[in-house]
Amino acid sequence: MTDTQKTAQLSLNGETYELPMFSPSAGPDVLDIRKLYAQAGVFTYDPGFTSTASCDSTITYIDGGKGELLHRGYPIDQLASKSHHLEVCYLLLYGELPTAAQLEDFETRVTRHTMVHEQMLNFFRGFRRDAHPMATLVGVVGAMSAFYHDSTDINDPWQREVAAVRLIAKLPTIAAMAYKYSIGQPFVYPRNDLDYAANFLHMCFSVPAEEYHVDPILARAMDRIFILHADHEQNASTSTVRLASSSGANPFACIAAGIACLWGPAHGGANQACLEMLKEIGTVDRIPEFIARAKDKNDPFRLMGFGHRVYKNTDPRAKVLKQSADEVLELLGVENNPLLQVAKELEQTALNDEYFIEKKLFPNVDFYSGIILEAMGFPTSMFTPIFALSRTVGWISQWKEMIADPQNKIGRPRQLYLGETARDYVDIENR
Ligand code: CMC
């Protein structure tokens, strides 16, 4: 954080207050209002944090105008085409691309932690079979703090490191177990000879009764989905993880809080909602009807997979996924997939519509991901768990950054109170 030497002046009730400004390495200047209440006795009001930086960070940068997403400075399209998920995990966690030796060491550490405590299998069996896998995920990840006590001391850097590696390693296993449980199939143990994405496909789709061959092209597409969801600066679930962690809660509890937040349809739940919407639309001739509904202020319907708080031009992740959807469907011999046709036509129609142009609404990461995941064989209920396992590294990197920050203090927003002022209690017979 660089001090610009610039200040802003606030005039209030005849007094003038100097507000310091910070200049980030990229992005707009930031007004420092930390002393505002102490000096001027006023709060600021910003529901949804549309103008508020809640922390400083060196992990991810988004330029919403340009449609740019950088992790530690590296553009997402370069990472998606040249890197792989565990290398991106290393980059997010430690700040630099690893050397070959560092990568090998990191991959070995993650791989050694892919199994879960055997007692957890019994824990899973307490859930109903028809539970949504996200419900199971929230519960099981929260319960990790009961199984891995030896990595819950947040003041011990080594335990923080072990918790980070455990979460990255075990989330695919837990997500796959949630899936297997929901379809009544036996849990499949991880295979450490497979890479991260191939192992996840193996745990989801293999059965003990027969050999399962992981298609390397599908594993690559899966890995790309993981990379594209790995981090996204201070989004709702990441901010939830940071806020939960600001009280000193253990990492497993904090990540469970992040998963709960991600589940909502305005955030990670949009990938499931988007595919369900595409299915409901069904054929291209029904697109105008749904576009009209999305524009109707009296209809709560929104075009799922469209719009973003930060991107106002294009979501670079959606571009990569659109291309990936074409490749995967071609590989699977379903180029004429009707959902992909509806999606492409819907995108074109919306992008040429005055409402979407004026409000700067574009396809986001959730628009094409569901089509790829469904073609791979995942049910819609698994889309958000896959987002959660991919985002785990982002949450944990931001969590580690926050704990190590000497400025870290409990998150405690203020409010604009509009309720009753003090009044005397009225006995029940007099109300
Ligand atoms: N369909 C129709 N209208 C929309 C949409 C949409 N998808 N998104 C925003 N608008 C309208 C909205 O009604 C509002 O209109 P007005 O100014 O007339 O009131 C205007 O655009 C601005 O929307 P907003 O809700 O104030 O913007 P926001 O930054 O608070 O919300 C959003 C961003 C992503 C929650 C929202 O665009 C949305 O609900 N999109 C659909 C859900 C979705 O795809 N979510 C995934 C987001 S990307 C991945 C992730 O974060 O997990």
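Residues numbered from 1 in each chain as written. Predicted model: local features only at pLDDT ≥ 70, side-chain atom pairs only at ≥ 80, totals over all residues. Heavy atoms only, no water.

Caption draft 1: Structural view of the packing of aromatic side chains. This model, assessed by the stated rule, comprises 19 aromatic pairs. Between the aromatic rings of Phe290 and Phe301, the centroid separation amounts to 5.7 Å while the plane-to-plane angle is 70 degrees, which identifies the pairing as edge-to-face. Of the two residues, Phe290 sits in helix 13 (residues 287–295) while Phe301 sits in the loop between helix 13 and helix 14 (316–331), which places them 11 residues apart along the sequence. Judged by its relative accessible area of 13%, Phe301 falls in the buried class. Three or more aromatic residues joined by ring pairs make a cluster, and in this case those are Tyr179, Tyr196, Phe200, Phe205, Phe226 and Phe378. Its guanidinium or amino end placed over the ring of Tyr181, Arg129 lies 4.1 Å from that ring's centre, counting from NZ or CZ. Cation over ring: Arg293 sits above Phe301, and NZ or CZ is 4.6 Å from the ring centre. (Phe/Tyr/Trp six-rings, centres within 6.5 Å; stacked < 30°, edge-to-face > 60°. Helix = DSSP H or I, 4+ residues; strand = E, 2+ residues; numbered from the N terminus. Buried < 20%, exposed > 50% of the residue type's maximum accessible area, 1.4 Å probe, protein only. Lys NZ or Arg CZ within 6 Å of the ring centre and 35° of its normal.)

Caption draft 2: Fine view of helix 8 (residues 196–205). Within helix 8, 9 of the 10 residues are buried, leaving the element largely enclosed by the surrounding structure. Every buried residue of helix 8 is listed here: Tyr196, Ala197, Ala198, Asn199, Phe200, Leu201, His202, Met203 and Cys204. On its buried face, helix 8 is in contact with helix 3 (85–94), helix 4 (100–111), helix 7 (157–183), helix 9 (216–228) and helix 18 (383–404). Looking at where helix 8 begins, the residue whose side-chain oxygen comes 3.2 Å from the main-chain nitrogen of Ala197 is Asp195. (Contact = heavy atoms within 4.5 Å. Polar contact = N/O pair within 3.5 Å; in protein donor to acceptor, adjacent residues only side chain to side chain.)

Caption draft 3: Representation of the environment of Lys180. Inspection of the secondary structure assignment puts Lys180 in helix 7. A sequence separation of 24 residues divides Lys180 from Cys204, and the C-alpha atoms of the two residues are 6.7 Å apart. Residue contacts for Lys180: discarding those within four places in its chain leaves Gln185, Pro186, Phe187, Val188, Met203, Cys204, Phe205, Ser206 and Val207. Polar contacts involving the side chain of Lys180 include one to the main-chain carbonyl oxygen of Ser206, which spans 2.9 Å.

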